[in-house]
Every structure is written in structure tokens, then in C-alpha cells.
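What the coordinates show
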Amino acid sequence: MIHYSCDRCQRRIDSKEDIRYIVRIEVQATIDSVDPDDDGDHLMEIEEVLECLEDADCQELGEDVYQNRRFDLCQSCYQEYKKNPLAMDAQVSFDFSDN
Ligand SMILES: [Zn+2]
């Protein structure tokens, strides 16, 4: 029997008895509409970043450009996660009670 653990609360998840939610997050930095008549500065930056991805010294920069993460969540953590998948601060939400 395979046991997983929840990546949020560390609770053990029994693969046969408990529902396990797999959350995959892919983040990719992108810039739209690179104008071919542009001086190419932006394009150069992207190319530099892509080259940098292959360089071990640039790993930190690489995480800002592309991330592929996978998390296992237990049922209760998933219920929390889906309410606020972007982990937004509740205090940032609009306050409609302000007259
Ligand atoms: Zn959990």
C-alpha cells in the first residue's frame, strides 16, 4: 500500500482509503506581441534568460521564468486551497461595507 503525505498539513494520505488531490501548477513568464520593428531589446532579454536557464548559476532567475510544481493535498487542505488558490490576503479583498 502506498502512503502519500499532504504537502500542506503533512497528514498521511492512504492511497486506498483517502481522496488525494494532485495540484499541478505551471508558471511561465511570457511577453506578448514582440514587435519585429522593435529594437530587439526585449527579445534579447528573453534569449538571455533562456540561455541562462541552462546555466546552473542562474537557477534563481530560472525559477522566475518557469516553474512546474506538483503537490499532493488531503481532502481538507484541498477544500481550503480551492477557496483561495492564489493565496491572496483576505484583507486585500474589496470592502463593500465602506459607505
Ligand atoms: Zn492536508
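Being a predicted model, the structure only gives us computed values, none of them experimental.

With that out of the way, let us pick up the overall build of the protein chain. If you tally the helices and strands in the protein chain, you get 3 helices and 4 strands. Its helices and strands in sequence order give the protein chain the pattern β-β-β-α-α-β-α, from N to C terminus. Per-residue burial over the protein chain gives 5% buried out of 99 residues. When contacts within the protein chain are restricted to residue pairs at least 6 apart in sequence, those whose partners lie at least 24 apart make up 56%.

A word on the nonpolar core. Cys6, Ile13, Leu73, Cys74 and Cys77 form the largest nonpolar core, which has 5 residues in total. If we ignore the near neighbours within four places in the chain, the residues touching leucine 73 are Cys6, Asp7, Arg8, Tyr21, Val23, Tyr78 and Tyr81.

The next thing to look at is the confidence of the model for the protein chain. Confidence along the protein chain averages 80 in pLDDT terms, with 66% of residues attaining 70 or more. In the model of the protein chain, helix α1 (residues 41-53) stands out as the element of lowest mean pLDDT, 68, in contrast to helix α3 (residues 75-83), which has the highest, 95.

Moving on: the environment of leucine 73. Inspection of the secondary structure assignment puts leucine 73 in strand β4 (residues 66-73). Separated by 69 residues in sequence, leucine 73 and tyrosine 4 place their C-alpha atoms 9.2 Å apart.

Moving on: unusual backbone geometry. Positive phi, normally seen in glycine, also occurs at glutamine 10, with a value near 70°. Looking at the element boundaries, glutamine 10 is found in the loop between β1 (3-5) and β2 (12-14). For glutamine 10, a count of 9 C-beta atoms within 10 Å corresponds to the exposed category. Not every positive phi belongs to a glycine, and alanine 87 is a case in point at roughly 50°. Looking at the element boundaries, alanine 87 is found in the segment after α3.

Put simply, side chains in a regular strand alternate between the two faces of the sheet. The element strand β3 (residues 21-28) is largely exposed, with a buried count of 0 among its 8 residues. Strand direction decides the pairing type here: β3 and β4, joined by 8 bridges, are antiparallel. Paired with isoleucine 22 across the strands is aspartate 72, a residue of β4.

As a further point, take the environment of aspartate 18. Residue placement: aspartate 18 occurs in the loop between β2 and β3. Assessed through the 14 C-beta atoms surrounding it within 10 Å, aspartate 18 is described here as partly exposed. In the structure, aspartate 18 is positioned 56 residues away from cysteine 74 in sequence and 7.7 Å away in space, judged by C-alpha atoms. For aspartate 18, the residues in contact, after removing those within four places along its chain, are Ile13, Cys74 and Gln75.

What counts and what doesn't
- Residues numbered from 1 in each chain as written.
- Predicted model: local features only at pLDDT ≥ 70, side-chain atom pairs only at ≥ 80, totals over all residues.
- Helix = DSSP H or I, 4+ residues; strand = E, 2+ residues; numbered from the N terminus.
- Buried ≥ 20, exposed ≤ 12 C-beta atoms within 10 Å, placed from the backbone.
- Contact = placed C-beta atoms within 7 Å.
- Core = buried A, V, L, I, M, F, W, Y, C linked by C-beta atoms within 7 Å.
- pLDDT = per-residue confidence, 0-100.
- Pairing = 2+ DSSP bridges.

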